[in-house]
Amino acid sequence: MISGSTGLVGSRIIELLKDDFNFIQLLAKDVDITDLQKVSNFINEKDFDIFLHLAAYTNVNGAEIEKDLAYKINTDGTKNVFDSVINKDKKFIYISTDFVFSGNDKDKIYTETDIPNPSGIYGKSKLKGEKIVNGKGMIVRISYPYRAQFEEKKDFVASIKSILENGQEMNVVTDSIFTPTFIDDIAYGLKHLLNNFDTKIYHLVGSMDLSPYEAVKLIANKFSLNSNLVKPTTFSSYFKEYAAIRPQYSAIKSTSNNFYKMKSFDEGLNEIIKYLSL
């Protein structure tokens, strides 16, 4: 069973793994995960082995304004689903985020053994979800997911590509680090974890850390777009209103993933170019 199956990540997981697993979808239009009774009724009626929980409030800036809603979905909603799954004596995988780390130390690379300390509401609400699951289910953290194509919502690669294609200038941060992750790799990494379940924490993240400025320049070059439109700026200038709510230095890697080789950002963009040229 899977929640969040119509989103950027969940929909691609189903596309790629539908021949390996039979997915029962818990859809938001059918079940509000903040309603325990509805969640419990739906889960009790279905026959499944593992619950893959992707449904989440993911708007990082919005979470600072809609704090109650972010906690209601990411914490209370997770508890409702988790309790219902555990009461049915089934397995649970919680998809979390690199935003559970503070990102304050530019020399730090976060691994599964590091202690989370989020600065924003989004990260705090997801960490509360982790604490509900920890030790009794699996936690899988992902970071800045992107894919070749998704009409319903642009990921950061598609957004940047669109802006540059329209000839618009972009101010992009130079003094920050992040770890983009190709969603196909997340899906294939999860295939292994679904078949080899344990109650540990895993990072399924890309193999390349870089600054947003470097990433946008790379996108421009890969898609033969005008890189002169990309202008450097600082983290503090760009996030004036929201400086406290997101990690500045979000380099993350895995010491537990010895089962699937994750692509670098360069390699991921090459896969997108191949896909779009089919």
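Residues numbered from 1 in each chain as written. Predicted model: local features only at pLDDT ≥ 70, side-chain atom pairs only at ≥ 80, totals over all residues. Heavy atoms only, no water.

## Re the nonpolar core
Counting 26 residues, the largest nonpolar core has I13, L52, I93, I95, V140 and L190 as its most contacted members. Listed by contribution, the elements that provide at least two residues to this core are α1 (8–17), β3 (50–53), β4 (91–97), β5 (138–142) and α7 (183–195). Residues L164, F223, L229 and F265 belong to the second largest nonpolar core, which totals 22 residues. (Core = buried A, V, L, I, M, F, W, Y, C linked by side-chain atoms within 4.5 Å. Buried < 20%, exposed > 50% of the residue type's maximum accessible area, 1.4 Å probe, protein only. Helix = DSSP H or I, 4+ residues; strand = E, 2+ residues; numbered from the N terminus.)

## Quick notes on the pairing of β5
For β5, the tally of buried residues reaches five of five residues, placing the bulk of the element in the interior. For β4 and β5, the ladder comprises five bridges, and the chain directions are parallel. In the sheet register, I93 faces β5, and the bridge partner there is M138. In terms of handedness, the path from β4 via helix α5 (residues 121–133) over to β5 forms a crossover that is right-handed. In this structure, β5 lies alongside strand β9 (residues 201–203), joined through three bridges in parallel fashion. Bridging from a neighbouring strand, V140 pairs with Y202 of β9. (Pairing = 2+ DSSP bridges. Right-handed = clockwise from strand over helix to strand, strands pointing away.)

## Remarks on the pattern of salt bridges
One pass over the structure, following the stated rule, counts 12 salt bridges. Salt-bridge contacts for E15 lead to R12; the nearest nitrogen and oxygen are separated by 2.7 Å. Of the two residues, E15 and R12 both sit in helix α1, three residues apart, roughly one turn of that helix. Its relative accessible area of 35% is what places E15 among the partly exposed residues. Overall, the relative accessible area of 11% leaves R12 in the buried class. A salt bridge links K29 to D30; its shortest N-O distance comes to 3.4 Å. Taking the relative accessible area as the measure of exposure, K29 reaches 70% and is therefore exposed. Overall, the relative accessible area of 44% leaves D30 in the partly exposed class. The network of salt bridges with shared partners includes R12, E15, R147 and D184. (Salt bridge = Lys/Arg side-chain N within 4 Å of Asp/Glu carboxyl O.)

## Things to note about the pairing of β4
Within β4, six of the seven residues are buried, which leaves the element mostly enclosed by the surrounding structure. Bridge count between β3 and β4: four bridges; the pairing is parallel. Considered in β4, the bridge of F51 is made with F92.

## Side note on the side chain of S176
Relative to the helices and strands, S176 resides in the loop between β7 (170–173) and β8 (181–182). Under the relative-accessibility criterion, S176 is labelled buried at 8%. A polar contact of 2.5 Å, which involves the side chain of S176, links it to the backbone oxygen of Q248. In this view, S176 contacts L210, S211, P212, F235, Q248 and Y249; residues no more than four positions away in its chain are not counted. (Polar contact = N/O pair within 3.5 Å; in protein donor to acceptor, adjacent residues only side chain to side chain. Contact = heavy atoms within 4.5 Å.)

## What to know about the packing of helix α6 (residues 156–165) against helix α8 (residues 212–222)
As a packed pair, α6 and α8 sit with axes 10 Å apart at the nearest point and diverge in direction by 60 degrees. The two elements α6 and α8 cross, and the hand of that crossing is right-handed. Residues V157, I160 and L164 of α6 lie in contact with α8, whose contacting residues are V216, I219 and A220. For the contact of α6 with α8, the class distribution of residues is six nonpolar, no polar and no charged. (Axes fitted to C-alpha atoms, helices over the stretch in contact; angles between N-to-C directions. Left-handed = near helix turned anticlockwise from the far one by under 90°. Nonpolar A, V, L, I, M, F, W, Y, C, P; charged D, E, K, R; others polar.)

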